[in-house]
Structures are given as C-alpha cells and as structure tokens.
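# Results of the structural survey
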Amino acid sequence: MQMFDDDVATTSNSVDNTGNGLKAEYYNNKDFTDLILTRTDAIVDFDWGSGSPDDAIAVDTFSVRWTGQIEPLFSETYTFETSSDDGVRLWVNNELIIDQFGEQATTTHSGTITLEAGQRYDIRLDYYENYGGANAELRWSSASQPLEVIPQSQLYSPVVIPPESPTDGNGDGLTAEYYNNRNFTNLVFERTDATVDFNWDDGSPDPSIQKNTFSIRWTGQVEPRYSETYTFSTSSDDGVRLWVNDELIIDKFVEQAATVHSGTITLEAGQRYDIRLDYYEKYGGASAELWWSSDSQTMEIIPQSQLYSTAVIKPEPPVEPEPPVEPEPPVEPEPPVEPEPPVEPEPPVEPEPPVEPEPPVEP
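For the structure given in this document, a descriptive report is provided here. Here the structure is a predicted model, which is why all the values come from computation and not from measurement.

### Describing the pairing of strand E1 (residues 22-27)
When you tally the buried positions in E1, you get five out of six residues, the bulk of the element. Pairing between E1 and strand E2 (residues 35-41): six bridges, direction antiparallel. Paired with Ala-24 across the bridge in E2 is Arg-39.

This is the structure in structure tokens:
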C-alpha cells in the first residue's frame, strides 16, 4: 500500500487490472422480461443508431442490463457518467446514483460515490430504448482518474467455464405434421424437418396446402450441449407455442407480424427432452424459426444434430394391484336352543267314591 498527502490520491498495489467486462442481458422489450441473448461485454460504449444490438432484437423497443463488479484504481470519490438515448439507471455498491429512466435524446447524467482502491464493488446498469436513436455509454472520473469509458480491465463479470467437451448429438430433426387448416385437424402430410427455419413469405409449405390458413406441429426431442439455463427463441408470423420438457415456455398464439419471443428453462447436457412447437398462419407473410442460446451456447437455429424426431416414450404407470378381498367375518353360531322344561305329569285322577247302594225298599 502506498500513501500520499491528503490532497493526493491513494493507490493500492493490490489492484488486479484483470477484468473481463460485464455480463450483458439483451431483451426484446422495454421491461426486461423477453430475454434474447446473454454475453460478456468488454465495456459499455455502444451507438446502435437507428438499429438494435442483434438481428434477433427489434429496433426501438429493447432493453439491456449490465451486471458485475467494478474495481477502482484510487481511494477517492468517483463520478460516474452515463450518456444514453433513452432511459438509464446506475447502481454502484447497491446505491442508486443515477436514475433517469425516461425517454430522452442523447443526454449525460452523473452521480458520485466514494470507493477504495483495489476493492471490488457490485455494479448494475439498466438501459432501455423506445424510439429513434439508440446509444449507451458508461464513464468514470475522479481527482486522479481522467474521464474515460470504464475499461475492461476494471470490470468483472462471473466467468462461465463451459464443459471441456460439449455434447454433440446425431439427431435427424423433428417430426413435422402439416395441416390444411389452422386448428390442427386436417392433416395433409407428415415428414421430418432437419431444423425449424422457414420463410414461406406469402405462400405455403406445399402446393397441397392453402396459403394463409395452415398450421404445423413439430415434435420430438432436443439434446442440449451444456448443463445450464437455456433461452429458447421463436420468430414467427403468425402464432406460436413452445413446450420443452412438457413445460410451456412460449405462449404467443396470436396473429402478428414476424415477432421474436423467448422463454428459459434449465437443462442437463446430453439428456434428451421432449419438445413441441405449434404454429399457425392466418394472413399475409408466413415464417417460423426456432433458436436457442445459453451462457456457453451462442445463439443459433437449433441444429439438426441436437433434434430427434422420435419423442420420448414414457412408460405407462404400473397397474396398481387390487386390494385383497377382505374375508367375510365368520358367521356367529346361533346360540343353542334351550331345552323345554319337562312336562309336569298330571296328578293322578282321584277315583270316584263307590256308589252307596240304595237302601232296600220297605215292604
């Protein structure tokens, strides 16, 4: 540790200067709910003009959240500055020091906080874009630190170490059922689709299927390469629903122009999970795409190698044995019949007294 006079900065020889940047989460809406991709950004110094950070993200209605830690070079009060179009909020050491979450042309805002050299502090920057130009910058300065975009060397994000050998599959795609109506009842044909990456424009998948009023159901299994949380994304015109491992993670079964939606689920590398994608087309353009991404998996159309057309066959639950028949209770024997009491003999009949002879008649 090197100490100087009070009016000169205090520096530390324990400052690492080995940062890798900040974790960046990119959302396809303004309220940080429709996550599309996660990556590590070396610095926050972006000018997207009238565009967006990625082809999977719509212009004008997106948001970004940067998180990690920051390590100052000097022990003194720092001024943090943002320049953004549109809204921005900044927390350092869990203290909200900039709160300008409104629509605005490119504007600079600032806040101050006292930090110690070589100590890492939590940092979070929330940004959203609503309309027109889009840009976001994060700078700092202090008595000893000239104003600059905060360099990668002083920003730290959690490092995700991917498995040494990602699990590559040998899949054949998904079973695809094509229906000539929108409610999955008029099946026309079935086939195996290697991926879900279709743009029929104003047509249909096959001459036997009418345009504007058809539906498709893709089913099978998906096998992730990494054990982590995956973001599944769909782009569709019109409605779409997606189940992974029997969990409904995207539910946008409505008429819409080509729109990206996403949902997340945690999966284990090398394990196969049931997957089902329902899609319908009503009017105008027709398209359907299915992507995935994770901390280790760059965003891509899910490849054929990780899709299997045979769904998981779940064993039927064992038949519960019928409960044993309860034996009937033994019949209680009837009580023995009480013998009737012996009949009392009738008393002997008293003989009648002999008849007295009549006295002789007197002559």
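Still more ground to cover, so stick around.
### Quick word on the pattern of salt bridges
Considering all chains together, one arrives at 14 salt bridges under this definition. A salt bridge links Asp-126 to Arg-124, with the shortest nitrogen-to-oxygen separation between them at 2.8 Å. Here Asp-126 falls in the buried class, since its relative accessible area comes to 2%. Notably, a salt bridge pairs Arg-217 with Asp-278, separated by 2.8 Å at the nearest N-O pair. Here the residue Arg-217 occupies a position in strand E16 (residues 214-222), and Asp-278 occupies one in strand E21 (residues 273-281), the gap between them amounting to 61 residues. An identical accessibility class is assigned to Arg-217 and Asp-278; each is buried. In the salt-bridge network here, residues are joined through shared partners; they are Arg-65, Arg-124 and Asp-126.

### Observations concerning the nonpolar core
With 36 residues, the main nonpolar core has Tyr-26, Trp-48, Trp-66, Phe-80 and Leu-90 as its most contacted residues. Judged by nonpolar contacts, the second largest core, of 32 residues, contains Trp-200, Trp-218, Phe-232 and Ile-250.

### What to know about the packing of aromatic side chains
One pair of aromatic rings is described through two measures. These are the centre distance and the angle between the planes. On inspection of all chains with the given rule, the structure shows 24 aromatic pairs. Centroid distance Tyr-26 to Trp-66: 6.5 Å. Interplanar angle 80°. Geometry classified as edge-to-face. Placement of Tyr-26 in strand E1 and of Trp-66 in strand E4 (residues 62-70) is noted, with a sequence separation of 40 residues between them. For the pair formed by Tyr-26 and Trp-66, the shared burial category is buried. Note on Trp-48 and Tyr-127: the rings are 5.9 Å apart at their centroids and 40° apart in plane angle, and the pair reads as tilted. Here Trp-48, found in strand E3 (residues 45-49), pairs with Tyr-127, found in strand E9 (residues 121-129); they are 79 residues apart in sequence, far enough to count as distant. Trp-48 gets classed as buried once you look at its relative accessible area, which sits at 14%. Here Arg-120 stacks its cationic end above the ring of Tyr-156, 3.6 Å away from the centre of that ring. Across the ring face of Tyr-308, the terminal group of Arg-272 is positioned such that the distance to the ring centre comes to 3.6 Å.

### Details of the side chain of Glu-228
Note on placement: Glu-228 falls in strand E17 (residues 228-237). In terms of polar contacts, Glu-228 uses its side chain to reach the backbone amide nitrogen of Ser-296, at 2.8 Å.

### Section: unusual backbone geometry
A cis geometry characterises the amide bond from Asp-85 onward to Asp-86, with omega recorded as 25°. By secondary structure assignment, the location of Asp-86 is in the loop between strand E5 (76-85) and strand E6 (88-92). The omega torsion of the bond from Asp-237 to Asp-238 falls at 25°, within 30 degrees of zero and hence cis. Note on placement: Asp-238 falls in the loop between E17 and strand E18 (240-244).

### Some details on the environment of Tyr-121
In this fold, Tyr-121 is placed in strand E9. C-alpha of Tyr-121 to C-alpha of Val-92: the two residues are 29 residues apart in sequence and 6.7 Å apart in space. Not counting chain neighbours up to four residues away, the residues in contact with Tyr-121 comprise Gly-68, Gln-69, Ile-70, Pro-72, Asn-93, Leu-115 and Glu-116. Only 2.8 Å separates the side chain of Tyr-121 from the backbone nitrogen of Glu-116, close enough to count as a polar contact.

Quick notes on the rules
- Residues numbered from 1 in each chain as written.
- Predicted model: local features only at pLDDT ≥ 70, side-chain atom pairs only at ≥ 80, totals over all residues.
- Heavy atoms only, no water.
- Buried < 20%, exposed > 50% of the residue type's maximum accessible area, 1.4 Å probe, protein only.
- Helix = DSSP H or I, 4+ residues; strand = E, 2+ residues; numbered from the N terminus.
- Pairing = 2+ DSSP bridges.
- Salt bridge = Lys/Arg side-chain N within 4 Å of Asp/Glu carboxyl O.
- Core = buried A, V, L, I, M, F, W, Y, C linked by side-chain atoms within 4.5 Å.
- Phe/Tyr/Trp six-rings, centres within 6.5 Å; stacked < 30°, edge-to-face > 60°.
- Lys NZ or Arg CZ within 6 Å of the ring centre and 35° of its normal.
- Polar contact = N/O pair within 3.5 Å; in protein donor to acceptor, adjacent residues only side chain to side chain.
- Contact = heavy atoms within 4.5 Å.

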